[in-house]
Amino acid sequence: KLVAQDAGDEPASELLKRIRVEKDRLIAGGKIKKDKPLAAIAEGEAPFELPVGWEWVRWADIAMKIGDIDHKMPSEVSEGVPYISPRDFYGKNEIDFAGAKKIAPVDYLNLAAKIRPEKGDLIYPRYGTIGVIRMVMDDREFLASYSCAVIKVLRGCIEPSYQYLFSMSDCVKRQAASATNKTTQPNVGLKSIQEYLVPLPPLAEQSRIVTRVEELMRLCDALEAKGRLEAAQHAQLVTTLLGTLTQSDTPAQLAENWQRLATHFALLLDRPQAVDALEQTILQLAVRGLLVPQDPTDEPASALLKKIRLEKDRLIAAGQIKRDKPLAAIGEEEQPFGLPVGWEWVPIETLANVGSGTTPSRENAAFFVGGSIPWVTSGETGKLFIGETAQHVTELALAQTSLSVYPKGTLIVAMYGQGKTRGQVSELCIEATTNQACAAIVLVESAVAHRCFVKLVFEKSYDEMRELSAGGAQPNLNVGKIKATLIPLPPLPEQSRIVTRVAQLRRLCADLRQRLSASQSTQAQLAEALVENVA
């Protein structure tokens, strides 16, 4: 359906006859072995109807040969002939010959006697990354691992690039999926590949299809590059304009900058990443005291700190927590930014008891089997609230290890973990223990607004905390770094106002994301409807 059919083209049925003659010539000349007859294509087996002049065929019917080398890995040498596998595939139809394993020339000659890839042939992975196919683009000596099938093109009868385009189509992917053996390492057999159905056009039309696809792919590449450029420019614009907000020194200046920015909202907030940046900016403004007005009648943060100190002393006297060491005052040069009147910079250790957990020995089944005590891992901090855990430990584990049960409302910070995990913060909705990859922050002040505000500070500091843990093979935070995290502490009533305002603005961000998603969905549905109408 991509190019017009030409009634003057030699039909595929005649092409098949020429293919048969050519294969018989190669067999007679000892170039290839006699092929076994393949099963006829049954009625209803073909995936879709073909244009006049096309034919459904088995892949082995039109390939010179489909095979692999002997299943024995030759010895690797420092200098020799490249011996590639799917791990050497990268980019679009590219193979890293320079970085591939090397084998001795004598091993190459022995293995190449069975099948040797040449220009125009396909390398088809049969294990793991099934169907991530490469076409050989130039003449060079190399071998493909026995984990790959080599599909040799029948030159003069099949356009190599058409065979390559077909090999990447959904038509082949669906057949590969149904033919894959679902074992520990999924694989597809050579016989299955040989029996794949191929829609065969006349040879002249194969060339027209390839030419048209290459034109359209160049257009796609150009659009993709342009899209990346636009995305980068858009991200830079968003960063610059939102940066003017966080650089405001007073609520009045913020209001002025906000009004200037509001005229560009339609341009700025037209993609989810921009909304994410806006939400992060809201958190930045919140912890700087710029999101809500200050009230001079509020009891200052210093009074809240005295209350927390008295409660800590009571808990120490009661033996419920350990005595903490006096902390040095935070110097002006240590303060990340200036605070409004009535606020204080304090390390989180001043406001809370910070601990961690452990992983009981897996060798002792009694620590886990039948356990009912929730046990939090760092991966579970991806949710803002933790109401259940995937794993539980027993009372025995609690008694014989350094595990502690943390109360509801404890903030859990991931100190290390895969991907985006490190630096995430969540909140316990249940009593739970944790593993050693989590820091547990038990705030002394029990007010909900206080807990929500401190949680906002950690959310705002996500990127900063990840930078703090940078370095090493596996960048990690630790309890000491968590304890030293600086908190810009407002008066308690202002904390409540900030939390309420942030919640309102976050709901607006969520609504905006939903509208963007709905708009994209509408565009996709419109595109599909237009395609259906054209078809």
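Residues numbered from 1 in each chain as written. Predicted model: local features only at pLDDT ≥ 70, side-chain atom pairs only at ≥ 80, totals over all residues. Heavy atoms only, no water.

**Some remarks on the overall build of the protein**
Phase 1: Helix and strand content of the protein: 17 helices and 22 strands.
Phase 2: For the protein, the C-alpha atoms occupy an extent of roughly 100 × 60 × 45 Å along the three principal directions.
Phase 3: When burial is assessed residue by residue, the protein has 42% of its 535 residues classed as buried.
Phase 4: Considering only residue pairs separated by 6 or more positions, the protein has 73% of its internal contacts joining residues 24 or more positions apart. (Helix = DSSP H or I, 4+ residues; strand = E, 2+ residues; numbered from the N terminus. Buried < 20%, exposed > 50% of the residue type's maximum accessible area, 1.4 Å probe, protein only. Contact = heavy atoms within 4.5 Å.)

**Some remarks on the sheet that holds strand E3 (residues 76-77)**
Phase 1: Pairing in this open sheet of 4 strands is mixed, and the strands run E3-E7-E4-E10 from one edge to the other. Of all strands in the sheet, those bounded by a partner on one side alone are E3 and strand E10 (143-144).
Phase 2: Note that E3 and strand E7 (residues 101-103) share 2 bridges and pair antiparallel. Bridge pairing in E7 links glutamate 76 to isoleucine 103. (Pairing = 2+ DSSP bridges.)

**Things to note about the sheet that holds strand E16 (residues 385-386)**
Phase 1: Read from one edge of the open sheet, 5 strands run E14-E21-E18-E19-E16, paired in mixed fashion. Edge positions in the sheet fall to strand E14 (352-355) and E16, since each of these pairs with one other strand and no more.
Phase 2: In this sheet, strand E21 (residues 438-443) lies alongside strand E18 (residues 411-414) in antiparallel orientation, the contact comprising 4 bridges. Across the sheet, the residue bridging to alanine 414 is cysteine 438, located in E21.
Phase 3: Each of E16, E18, strand E19 (425-428) and E21 is contacted by helix H14 (residues 448-460), which is oriented at about 155° to E19, the strand it contacts most. (Axes fitted to C-alpha atoms, helices over the stretch in contact; angles between N-to-C directions.)

**A closer look at unusual backbone geometry**
Phase 1: Within the chain, asparagine 93 stands out as a residue other than glycine whose phi angle is a positive 55°.
Phase 2: Considering the arrangement of structural elements, one finds asparagine 93 in the loop between strand E5 (89-90) and strand E6 (94-95).

**What about helix H1 (residues 12-28)?**
Phase 1: The end-to-end C-alpha separation of H1 is 24 Å, in line with the 24 Å expected for 17 residues at 1.5 Å each.
Phase 2: Among the residues making up H1, those that are buried are Ala12, Leu15, Ile19, Lys23 and Leu26. Angularly, the buried residues of H1 cover 75° about the axis, an arc narrow enough to put them on a single face. Exposed positions of H1 whose direction lies more than 90 degrees from the buried face are Lys17, Val21 and Ala28. (Expected span 1.5 Å × (residues − 1). Arc of directions from axis to C-beta.)

**A few points about the nonpolar core**
Phase 1: Within the largest apolar cluster, 56 residues are counted, with the highest numbers of intra-cluster contacts made by Ile348, Leu351, Ile441, Phe458 and Ile482.
Phase 2: A per-element tally of this core places helix H10 (residues 272-287) first, with 8 residues.
Phase 3: When neighbours within four sequence positions are excluded, isoleucine 441 is seen to be in contact with Ile348, Ala352, Asn353, Val354, Thr410, Leu411, Val413, Phe458 and Ile482. (Core = buried A, V, L, I, M, F, W, Y, C linked by side-chain atoms within 4.5 Å.)

**Here we look at the side chain of lysine 102**
Phase 1: Its location among the elements puts lysine 102 in strand E7.
Phase 2: The buried charged residue lysine 102 lacks any salt bridge, with glutamate 79 as its nearest oppositely charged partner at 6.7 Å. (Lys, Arg positive; Asp, Glu negative; His and termini not counted. Salt bridge = Lys/Arg side-chain N within 4 Å of Asp/Glu carboxyl O.)

**Concerning the environment of isoleucine 66**
Phase 1: Within the secondary structure, isoleucine 66 is located in strand E2 (residues 63-67).
Phase 2: What makes isoleucine 66 buried here is its relative accessible area of 9%.
Phase 3: In this structure the C-alpha to C-alpha distance between isoleucine 66 and isoleucine 123, which are 57 residues apart in sequence, comes to 10.0 Å.
Phase 4: Residues in contact with isoleucine 66, not counting those within four places in the same chain, are Trp59, Ala60, Val150, Ile151, Leu190, Ile193 and Gln194.

**Digging into the packing of aromatic side chains**
Phase 1: Under the definition given, this model contains 9 aromatic pairs.
Phase 2: When the ring of phenylalanine 97 is compared with that of phenylalanine 142, the centres are 5.0 Å apart and the planes differ by 70°; the resulting orientation is edge-to-face. Linking phenylalanine 97 in the loop between E6 and E7 with phenylalanine 142 in the loop between strand E9 (134-135) and E10, this pair joins segments that are 45 residues apart in sequence.
Phase 3: Residue class for phenylalanine 142 comes out buried when judged on its relative accessible area of 0%.
Phase 4: Aromatic pair tryptophan 343 and phenylalanine 453: ring centres 6.3 Å apart, planes at 80°, arrangement edge-to-face. In this pair, tryptophan 343 sits in the loop between helix H11 (301-317) and strand E13 (344-347) while phenylalanine 453 sits in helix H14, placing the two residues 110 residues apart along the sequence.
Phase 5: Judged by relative accessible area, which is 0%, phenylalanine 453 ranks as buried.
Phase 6: Taken together, the ring pairs in this structure connect Trp59, Tyr124, Phe166 and Tyr196 into an aromatic cluster.
Phase 7: Lying across the ring of phenylalanine 97, arginine 140 places its NZ or CZ 3.9 Å from the centre.
Phase 8: Its end group placed over the ring of phenylalanine 368, arginine 362 keeps NZ or CZ at 4.2 Å from the ring centre. (Phe/Tyr/Trp six-rings, centres within 6.5 Å; stacked < 30°, edge-to-face > 60°. Lys NZ or Arg CZ within 6 Å of the ring centre and 35° of its normal.)

**Things to note about the pairing of E2**
Phase 1: Most of E2 is tucked away, with 4 of its 5 residues classed as buried.
Phase 2: When E2 meets strand E11 (residues 148-153), the two strands line up antiparallel, connected through 4 bridges. By the bridge assignment for E11, glycine 67 is matched with valine 150.

**Structural notes on the environment of serine 356**
Phase 1: One can find serine 356 in the loop between E14 and strand E15 (373-376).
Phase 2: Sequence separation between serine 356 and glutamine 525 is 169 residues; the distance between their C-alpha atoms is 49 Å.
Phase 3: If near-sequence neighbours (up to four positions away) are discounted, serine 356 is found in contact with Tyr406, Met415, Thr434, Asn435, Gln436, Cys438 and Val479.
Phase 4: Polar contacts involving the side chain of serine 356 include one to the main-chain carbonyl oxygen of cysteine 438, which spans 2.7 Å. (Polar contact = N/O pair within 3.5 Å; in protein donor to acceptor, adjacent residues only side chain to side chain.)

**Focus: the pattern of salt bridges**
For side chains bearing opposite charge, pairing can occur when the charged atoms are close.
Phase 1: As enumerated under the stated definition, the model contains 34 salt bridges in all.
Phase 2: Close ionic contact of arginine 155 with aspartate 121 constitutes a salt bridge, the shortest N to O distance being 3.9 Å. Of this pair, arginine 155 sits in the loop between E11 and helix H4 (160-167) while aspartate 121 is found in the loop between helix H3 (105-112) and strand E8 (122-125), placing the two residues 34 residues apart along the sequence.
Phase 3: Taking relative accessible area as the criterion, arginine 155 reaches 43% and is therefore assigned partly exposed.
Phase 4: On the basis of relative accessible area, aspartate 121 is assigned to the buried category, the value being 0%.
Phase 5: Each member of the salt-bridge network shares a partner with another, and the members are Arg116, Glu118, Asp121, Lys152 and Arg155.

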